[in-house]
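# Architecture and fold: a report
Spelled out, the chains give:
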Amino acid sequence: MVGDPSRPGSEETGVPTSARRVLLGELLVESKVITKEQLAEVLAAPREGKKLGQVLLEKGWVTEQQLTQTLSLQLSVPWVSLLHVDFSRQLLNRVSRELAEMYCLIPVFVRHVRGQGETLYVAMDDPTNEPALQEVSRLANLPTKPMISSASDIRSAIRVYYGGSAGSTPNIEVPAPPRAEAA
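For the structure given in this document, a descriptive report is provided here. (Residues numbered from 1 in each chain as written. Predicted model: local features only at pLDDT ≥ 70, side-chain atom pairs only at ≥ 80, totals over all residues. Heavy atoms only, no water.)

### Focus on the sheet that holds strand S1 (residues 105–113)
For the record, the criterion: Two strands pair under a simple rule: DSSP has to find at least two bridges between them. Per the convention used, a helix needs a DSSP run of H or I reaching at least four residues, while a strand needs a run of E reaching at least two, with both numbered from the N terminus. Geometry is summarised by axes, namely lines fitted to C-alpha atoms with helices restricted to the contacting stretch, and by angles between N-to-C directions that run from 0 to 180 degrees. Only heavy atoms enter the contact rule, under which two residues are in contact if any of them lie within 4.5 Å.
Overall, mixed pairing links the three strands, which are arranged S1-S2-S3 in an open sheet. Each edge of the open sheet is held by one strand with a lone partner, namely S1 and strand S3 (144–148). Each strand of the sheet is rotated relative to its neighbour by a mean of 30°, with strand direction disregarded. Sheet analysis places strand S2 (residues 117–124) next to S3, joined by five bridges and oriented parallel. When the sheet's bridge partners are listed, Tyr121 is paired in S3 with Lys145. On top of the sheet, helix H7 (residues 130–140) reaches S1, S2 and S3; it is set at about 135° to S2, its chief contact.

Put into structure tokens, the structure is as follows:
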């Protein structure tokens, strides 16, 4: 653990580190993804409202997969590779494309959870987004549990699996205005 006497829960305070959430930067340094110097540089510089992970990605010091898997560890939320998910139409119909794009999430599976019954698991780039989970739960009429996946993997899955198919949401059928890159 990277000790810091100014932080509650560090070794120097005598409070067990398990009593607090380990910081993302600490986890990345411990796993040797970044150096202490890189972390110090990012923390010392103005981030203009950007999260630590976003700055590290922009600098090219972490990959999206390294960041996502470290966040999974930090938040105790399961990480999921979307390459191994069977996205059935029935599953995708539980969450509209609009909602999936708005919150950068995609339904992964429905499982029975003791005490809750059928529960919808969704891959999200931000599994701490409670309003998104509540909205999905309300619209899917199922309790919802988060998993974590990278934003690019989620956006790619949305494009591929919601993309060209006729969905239950009418606005999926409306063609987007032509883009210069598509020409």
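### As for the environment of Asp86
Here Asp86 shows up in the loop between helix H4 (64–75) and helix H5 (89–92). Taking the C-alpha atoms as reference points, Asp86 and Phe109, separated by 23 residues in sequence, lie 8.5 Å from one another.

### Regarding the pattern of salt bridges
Note the threshold: Whenever a carboxyl oxygen of Asp or Glu lies within 4 Å of a side-chain nitrogen of Lys or Arg, that contact is scored as a salt bridge. Partly exposed describes any residue whose relative accessible area lies between the buried limit of under 20% and the exposed limit of over 50%, with all areas from a 1.4 Å probe on protein chains only and scaled to the type maximum.
Within the structure shown, the criterion is met by five salt bridges. Note that Lys50 and Glu58 form a salt bridge whose closest N and O atoms lie 2.8 Å from each other. A relative accessible area of 47% means that Glu58 is categorised as partly exposed.

### Side note on the packing of helix H2 (residues 36–44) against helix H3 (residues 52–59)
The angle between the axes and the distance between the axes are what describe a pair of packed helices. Rules: Rotating anticlockwise by less than a right angle from the far helix to the near helix defines a left-handed crossing, while the corresponding clockwise rotation defines a right-handed one. Classification convention: Asp, Glu, Lys, Arg as charged; Ala, Val, Leu, Ile, Met, Phe, Trp, Tyr, Cys, Pro as nonpolar; all other residues, Gly among them, as polar.
The contact between H2 and H3 brings their axes to 11 Å, and the two run at 115°. Relative to H3, the crossing made by H2 is right-handed. Where H2 abuts H3, its residues Leu39, Glu41, Val42 and Leu43 lie against Leu52, Val55, Leu56 and Lys59. Taken together, the residues of the contact of H2 with H3 sort by class into six nonpolar, no polar and two charged.

### What to know about H3
Test applied: In this context, the arc is that of the directions from the helix axis out to the C-beta atoms.
Within H3, the full set of buried residues consists of Leu52, Gly53, Val55 and Leu56. With its buried residues spanning 160° around the axis, H3 presents them on a single face. In this fold, the buried residues of H3 make contact with helix H1 (24–30), H2 and H4. Phi turns positive, to about 80°, at Gly60, one or two residues after H3.

### Quick notes on the nonpolar core
Just so we agree on the cut-off: Nonpolar core, defined: a set of buried Ala, Val, Leu, Ile, Met, Phe, Trp, Tyr and Cys residues in which side-chain atoms within 4.5 Å join the residues together.
With 30 residues, the main nonpolar core has Leu82, Phe87, Val95, Ile106 and Leu120 as its most contacted residues. Sorting the residues of this core by element identifies H5, helix H6 (97–103), S1, S2, H7 and helix H8 (151–162) as the ones contributing at least two each. Beyond its immediate sequence surroundings of up to four residues, Phe87 is in contact with Leu82, Leu92, Ile106, Pro107, Ala157 and Tyr161. The next biggest cluster of nonpolar side chains, apart from the first, holds 14 residues, and it includes Leu28, Val62, Leu67 and Val77.

### Here we look at the layout of surface pockets
Defined as follows: Cavity means a closed set of points on a 1 Å grid over the protein atoms alone, one where a 1.4 Å probe fits but cannot get out, pocket means an open set with protein on both sides within 12 Å along at least 5 of 7 lines, and lining means a residue has an atom within 4 Å of a point. Grid points are joined across faces, edges and corners, and a volume is the space filled by probe spheres set on the points.
Taken as a whole, the largest pocket holds about 620 Å³ of empty space. Across the lining of the largest pocket, the residue classes tally to twelve nonpolar, eight polar and eight charged.

### Notes on unusual backbone geometry
Positive phi, normally seen in glycine, also occurs at Lys32, with a value near 60°. In this structure, Lys32 sits in the loop between H1 and H2. Residue Lys32 is classed as exposed on the basis of its relative accessible area of 73%.

### Quick notes on the packing of aromatic side chains
Here is the rule: When the centres of two rings from Phe, Tyr and Trp lie within 6.5 Å, Trp using its six-membered ring, the rings pair. Their planes under 30 degrees apart give stacked, over 60 give edge-to-face, and anything left gives tilted.
Tallying each qualifying case throughout the model produces two aromatic pairs. Aromatic pair Phe87 and Tyr161: ring centres 4.6 Å apart, planes at 35°, arrangement tilted. Taken as a pair, Phe87 in the loop between H4 and H5 and Tyr161 in helix H8 lie far apart in primary sequence, 74 residues in all. Classification of Phe87 as buried rests on a relative accessible area of 8%.

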